[in-house]
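Structural overview for review
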Amino acid sequence: MKLNNLPSEVVSKRQQFITLDAHTEGEPLRSIMSGYPEIMGRTILEMRQYLMEHLDDYRTLLMHEPRGHADMYGAIITRAVTPGADCGVLFLHNEGYSSMCGHGILALVKVMCETGTISLENEPRVIKIDTPAGLITAKASRDADGKIKASFENVDSWAESLDCSVMVEGFGEVNYDIGFGGAYYAYVDADLLDISCGRENVSQLIDMGRRIKHAVMESHVLIHPLEKELSFLYGIIFTSNMVTNPQAHSRHVCVFADGEVDRSPTGTGVAARIALLHAKGEVELNQPLMIESIVDGRMIVSALRKSEFHGKQAVIPEVSGRSYITGQHQFIMDPDDQFQTGFMLR
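One numbering rule holds for all chains: residues counted from 1, following each sequence as written. For this predicted model, a pLDDT threshold of at least 70 governs which residues receive local features, and a threshold of 80 or more governs which side-chain atom pairs are given and counted, while totals over whole chains, interfaces and linings are taken from all residues. Hydrogen atoms and water are omitted, and side-chain values are computed over all heavy atoms in the structure.

For the protein chain, an unreviewed UniProt entry supplies the name trans-L-3-hydroxyproline dehydratase and the organism Shewanella hanedai. UniProt positions are given in the numbering used here, feature names are shortened, and annotations may be inferred rather than shown by experiment. Of the comments in the UniProt record for the protein chain, the one headed Catalytic activity (unreviewed entry) reads "trans-3-hydroxy-L-proline = 1-pyrroline-2-carboxylate + H2O".

Following this line, the structure appears as structure tokens:
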């Protein structure tokens, strides 16, 4: 059976969204190219607030089922708001809106360069991107085969709290550190808790991640030194020395939002981890580490230099990973569809 394109008169009567989908080390990114109304705001944080207050149904429509799924992740490219920036970006997921997303930056750079939105010749190209966490400096280049490689220098990242503990109902005491890499994460040693970070154990990881996150949120107040809107715990990252790649330093499994599991090692998460390891004296500046994910994706992270951010002793991490375009979608919103804003099942 041959499928023909939808007749123009059918499409014209329905609201449309054009997306370009990609993944970084297994973690999806749905870049929304058209369909959104104008997003108001003078700053990225104001635009993020506008999305939350006025356009949140669009997020659930494109992230949740039947057009997405519980672990979908998205991005909206916006106008730049700081001098010298090429564009801005707002990230969205099953629960709301991220402050920063490393895998999303890497995928977005790949998408923009491959589609010609940003021209990339033979010389490396610096791309400045506004995010709610701050200005990101990304770099795109071509290797000897002409393939596009991407990396980014993250915002100031630091060790927020070391050697903390919390009682988790139904489990007991859990030790954790908190690091900031564009968002706050609590890091838990899965090996000490005898929790496997393999993909076959994803149900326990989600359950424990949710419980630990709620326990930490209730007992540990976070105050970002500059932006009140960034003062929240974004996720739990389980770390493990049980790796499949002999070159890997460790494995990350990030559980964030409403039980969402990052398929990549988590770009902002590896940035905060390198800040934690440097603060503990376990990693030197410019010492690259490979961190692998629950599906054996990998990212390379290093602390390029020390920095100071409003009283926080920080580092500037550099993160790289592999991204690929997976498809282009034209979503149609039928006005009679009973699932106007989608739904989510776990």
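What follows picks up the thread again.
A word on the pairing of strand β3 (residues 74-78). Taken across its five residues, β3 has four buried, putting it largely inside the fold. The pairing criterion is simple: DSSP has to find at least two bridges between the two strands. Labels follow the DSSP assignment, with helices taken as runs of H or I lasting at least four residues and strands as runs of E lasting at least two, numbered in each case from the N terminus. Of the strand pairs in this sheet, strand β2 (residues 27-34) and β3 are connected by three bridges, and their pairing is parallel. Of the residues in β3, the one forming a bridge with Ser 31 is Ala 75. Looking at chain direction, β3 and strand β4 (residues 87-92) are connected through five bridges and run antiparallel. Partly exposed residues are those whose accessible area sits between 20% and 50% of the maximum for their type, while under 20% is buried and over 50% is exposed, using a 1.4 Å probe and protein chains only.

The next thing to look at is the pairing of strand β12 (residues 233-240). Looking along a regular strand, one sees side chains alternate from face to face of the sheet. Along β12, eight of the eight residues are buried, which leaves the element largely enclosed by surrounding structure. In the sheet, strand β11 (residues 184-189) pairs with β12 via six bridges, with the strands oriented parallel. Paired with Tyr 185 across the two strands is Gly 235, which belongs to β12. A crossover gets the label right-handed when its path from the first strand over the helix to the second runs clockwise, viewed with the strands pointing away from the viewer. A crossover links β11 with its parallel partner β12, the connecting element being helix α5 (residues 202-219), and its sense is right-handed. In the sheet, β12 pairs with strand β13 (residues 250-256) via six bridges, with the strands oriented antiparallel.

Using only the protein atoms, space was sampled on a 1 Å grid; points where a 1.4 Å probe fits but cannot get out form cavities, open sets with protein on both sides within 12 Å along at least five of seven lines form pockets, and lining residues are those with an atom within 4 Å of a point. Grid points are joined across faces, edges and corners, and a volume is the space filled by probe spheres set on the points. Within this model, the largest pocket holds a volume of roughly 400 Å³. Asp 177, Val 188, Asp 189, Thr 239 and Lys 280 are the residues nearest the centre of the largest pocket, which is lined by 21 residues in total. Listed by contribution, the elements that provide at least two residues to the lining of the largest pocket are β9 (157-168), β10 (172-180), β11, β12 and α6 (267-279). In terms of residues, the lining of the largest pocket owes the most to one element, β10, which gives five residues.

What follows is about the side chain of Asp 156. Within the secondary structure layout, Asp 156 lies in the loop between β8 (148-153) and β9. The charged-residue count follows a simple rule in which Lys and Arg add positive charge and Asp and Glu add negative charge, with His and chain termini not counted at all. Just to be clear on terms, a salt bridge is a Lys or Arg side-chain nitrogen sitting within 4 Å of an Asp or Glu carboxyl oxygen. No salt bridge is formed by the buried Asp 156. Its closest oppositely charged neighbour is Arg 305, at 7.7 Å. Polar contact criterion, stated in full: a pair of N or O atoms within 3.5 Å, where within protein one must be able to donate a hydrogen and the other to accept it, and residues adjacent in sequence count only if both atoms are side-chain atoms. At a separation of 2.8 Å, a polar atom in the side chain of Asp 156 contacts the side chain of Ser 307. Any two residues whose heavy atoms approach within 4.5 Å at even a single point are treated as in contact. Beyond its immediate sequence surroundings of up to four residues, Asp 156 is in contact with Phe 180, Ser 307, Glu 308, Phe 309, Ala 314, Val 315 and Ile 316.

Those residues of helix α2 (residues 44-54) not exposed but buried are Ile 44, Leu 45, Met 47, Arg 48 and Leu 51. Projected down its long axis, α2 shows its buried positions confined to an angular sector of 160°, all on one face. Buried-residue contacts for α2 involve α3 (56-63), β3, β4, β5 (97-98) and β6 (125-131). Taking the helix axis as origin, the arc is that swept by the directions to the C-beta atoms.

Turning to the environment of Gly 88, a few remarks are in order. Turning to its location among the elements, Gly 88 is positioned in strand β4. Classification of Gly 88 as buried rests on a relative accessible area of 0%. Counting along the chain gives 252 residues from Gly 88 to Gln 340, while the straight-line C-alpha distance between them is 28 Å. In this structure, Gly 88 is in contact with Ile 44, Ile 76, Ile 77, Thr 78, Arg 79, Ala 80, Ile 129 and Asp 130, ignoring residues within four places of it in sequence.

By the definition in use, this model includes one cavity of 30 Å³ or more. Put simply, the largest cavity is a space of about 80 Å³. Mapped onto the lining of the largest cavity, the elements with two or more residues apiece are α4 (102-115), β13 and α6. Across the lining of the largest cavity, the residue classes break down as seven nonpolar, six polar and one charged. Each residue receives one of three labels: charged for Asp, Glu, Lys and Arg, nonpolar for Ala, Val, Leu, Ile, Met, Phe, Trp, Tyr, Cys and Pro, and polar for the others, Gly being one of them.

Residue ranges for the domains trace back to a domain assignment, done automatically or taken from a database. Segmenting the protein chain into domains produces domain 1 (15-154 + 325-333) and domain 2 (157-319). For the pair domain 1 and domain 2, the summed buried area comes to about 2300 Å², and 49% of that belongs to carbon and sulfur atoms. Put simply, domain 1 and domain 2 have three salt bridges between them. On inspection of domain 1 and its partner domain 2, the count reaches 15 residue pairs in polar contact (both at pLDDT 80 or more). Put simply, the parts of the chain that give the side of domain 1 that touches domain 2 at least two residues each are α2, α4 and β8. Take the accessible area each of two parts loses on contact, using a 1.4 Å probe, and add the two losses: that sum is the buried area.

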